[in-house]
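Chains, contacts and geometry: an overview
Residue strings, one per chain:
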Amino acid sequence: MEGLWSVFGEYELASYGLSRKQMIESLYYGYTTALFAAPFLGVLSDLIGHKKVSLIFCILHLFAGIWKRFSEQPSIFMTSIYLSLASTIFLFSFETWMVTQHEKQGHRQDSLNDTFWLMTFFESAWLIASQMFANWLIGNSTDKNIAPSSTIIILATICFTFVTRGWTETPGAGTFKEYSRSFYAYIFGDKRIWLLTWAQMCLHFSIGIFWILWAPTVVADGREVQLGLIYPSFLASRMIGSTIFPCLTSGPSSLRTEDCLVYAYVVLALLLSFVAYDYQEIGFLMTLFSMFHACVGFILPSLARLRTMYVPNELRGGMMGLSIAPANAAILLSVVQGGYYRNVGNSALMAFGVLGLLLAAVCMHALKQLGKQPYHNWHKQ
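Residues numbered from 1 in each chain as written. Predicted model: local features only at pLDDT ≥ 70, side-chain atom pairs only at ≥ 80, totals over all residues. Heavy atoms only, no water.

Remarks on the overall build of the chain
The number of helices and strands found in the chain is 14 helices and zero strands. Counting from the amino terminus, the chain carries its helices and strands in the arrangement α-α-α-α-α-α-α-α-α-α-α-α-α-α. Considering the chain as a whole, with its 381 residues, one finds that 50% of them fall into the buried category. Taking contacts inside the chain between residues at least 6 apart in sequence as the whole, the part at least 24 apart equals 83%. Carbon together with sulfur atoms contributes 66% to the accessible area of the chain, which is approximately 17,900 Å² in total. (Helix = DSSP H or I, 4+ residues; strand = E, 2+ residues; numbered from the N terminus. Buried < 20%, exposed > 50% of the residue type's maximum accessible area, 1.4 Å probe, protein only. Contact = heavy atoms within 4.5 Å. Areas by Shrake-Rupley, 256 points an atom, 1.4 Å probe, with all protein chains shown as cover.)

Notes on the pattern of salt bridges
For the structure shown, the criterion picks out six salt bridges. The closest approach of N and O atoms between glutamate 123 and arginine 238, which form a salt bridge, is 3.3 Å. With glutamate 123 in helix 6 (residues 109-140) and arginine 238 in helix 10 (residues 227-249), this pair connects stretches of sequence that are 115 residues apart. With relative accessibility at 33%, the residue glutamate 123 sits in the partly exposed group. Here arginine 192 makes a salt bridge to aspartate 190, at a shortest N to O gap of 2.7 Å. The exposure class assigned to aspartate 190 is buried, which follows from its relative accessible area of 15%. Several salt bridges share partner residues, and in doing so they unite Glu95, Arg307 and Arg316 into one network. (Salt bridge = Lys/Arg side-chain N within 4 Å of Asp/Glu carboxyl O.)

Brief notes about the packing of aromatic side chains
Evaluated as defined, the whole model comprises 22 aromatic pairs. On the numbers, 5.1 Å between centres and 75 degrees between planes, the contact of tryptophan 214 with phenylalanine 234 is edge-to-face. Taken together, the residues tryptophan 214 in helix 9 (residues 191-218) and phenylalanine 234 in helix 10 connect sequence positions 20 residues apart. Comparing tryptophan 214 with phenylalanine 234 shows no difference in burial state: the two are buried. Between phenylalanine 234 and phenylalanine 289, the aromatic rings sit 5.9 Å apart at their centres with planes inclined by 80 degrees, giving edge-to-face as the arrangement. Here phenylalanine 234 is found in helix 10, whereas its partner phenylalanine 289 is found in helix 12 (residues 282-310), with 55 residues between them in sequence. Grouping residues by exposure puts phenylalanine 234 and phenylalanine 289 together as buried. Pairwise contacts between aromatic rings join Phe210, Trp211, Trp214, Tyr231, Phe234, Phe289 and Phe292 into one cluster. (Phe/Tyr/Trp six-rings, centres within 6.5 Å; stacked < 30°, edge-to-face > 60°.)

What to know about the packing of helix 9 against helix 12
Where helix 9 contacts helix 12, the two axes come as close as 11 Å, and the packing angle between them is 155 degrees. With respect to their mutual orientation, helix 9 and helix 12 come out roughly antiparallel. By crossing handedness, the relation of helix 9 to helix 12 is classed as left-handed. In terms of residue class, the contact of helix 9 with helix 12 is built from 19 nonpolar, three polar and two charged. (Axes fitted to C-alpha atoms, helices over the stretch in contact; angles between N-to-C directions. Parallel < 35°, antiparallel > 145°, perpendicular 65-115°, else oblique. Left-handed = near helix turned anticlockwise from the far one by under 90°. Nonpolar A, V, L, I, M, F, W, Y, C, P; charged D, E, K, R; others polar.)

Here's the deal with a nonpolar patch on the surface
Nonpolar side chains collect at one region of the surface, where Val266, Leu270, Phe274, Phe284, Phe352, Leu355 and Leu358 lie side by side and expose about 640 Å² of accessible area between them. For the nonpolar patch, the secondary structure elements donating two or more residues are helix 11 (257-277) and helix 14 (346-370). Along the chain, the position of valine 266 falls in helix 11. (Patch = residues over 30% accessible without salt bridge, like charges linked within 9 Å, V, L, I, M, F, W, Y side chains within 5 Å.)

Set out below in structure tokens:
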């Protein structure tokens, strides 16, 4: 459900006759909503339970899907808010819910690391499948103004609700007062978590800038390409990158996760710097973008593993929401200056992404120097 808007969002907006300015406004609404909602939703997820917040994710998508399906001219403002809130929940709630259930059911800790890369792998695989299904719906629909993702979203929401109805969950965060005291002590008071938070924020910012600019970069100078075929290749590259994670971080010759992330962030920065420096030929550009996503596929489960090492599960959602908010603020500023006022060019925005990735590499190096000390159970403090 989550990735369909990134594939068909502009297509749907264009089918309603919206202008470029109105599309940019939809980004304003979305990132502004995410900026203020991310910390609140992260804390809410820890307090009331991740299953309930995940169901809110589905309900938001359901409302947006029904709105687009049955409205001749859906409101950009409301649609952007619904989808932005859902995207924010998606970034932390499902992962935290999975980790909580993993420990509750008594599975081994090393199997959790395998689950992280499998989540990244199958997320990309299912997005490719849903895109193919949506393309089939478009090709076989007599109504060319139909929102292609709406049918999938409505069906998926019903299926998700049915599958999870028997799952029980007991929120472990206690009262808000206890949560606030523990959050201040373990999140704000731990330099290691600050470094991990900044690394996550820089990655989120760079990926956001990439997804805004990759299509304009590809079609620069009037080049004609099939964007619908390029997008699945990015996802396939991310799948390949996720399979590298268990090879480097497990087994007798495994490397420390922080070391791997330092190199991965530097490689990401180098790949993006080539694009920021100058527009490349389409073949070379696609190679850079595919390698970029392969590195992202490796970094996502690596960061999830570090969160498990350093962040108590009861505070995981709040910590991840905290890392998303500054990134959304930076992306919003970039959209305003680059998209609306056009004071900043696309290359300069990508250069900011490069600087963010280099800063993330520095954070990972500093995290390694501080060393790992297992966190304690905050309920016993």
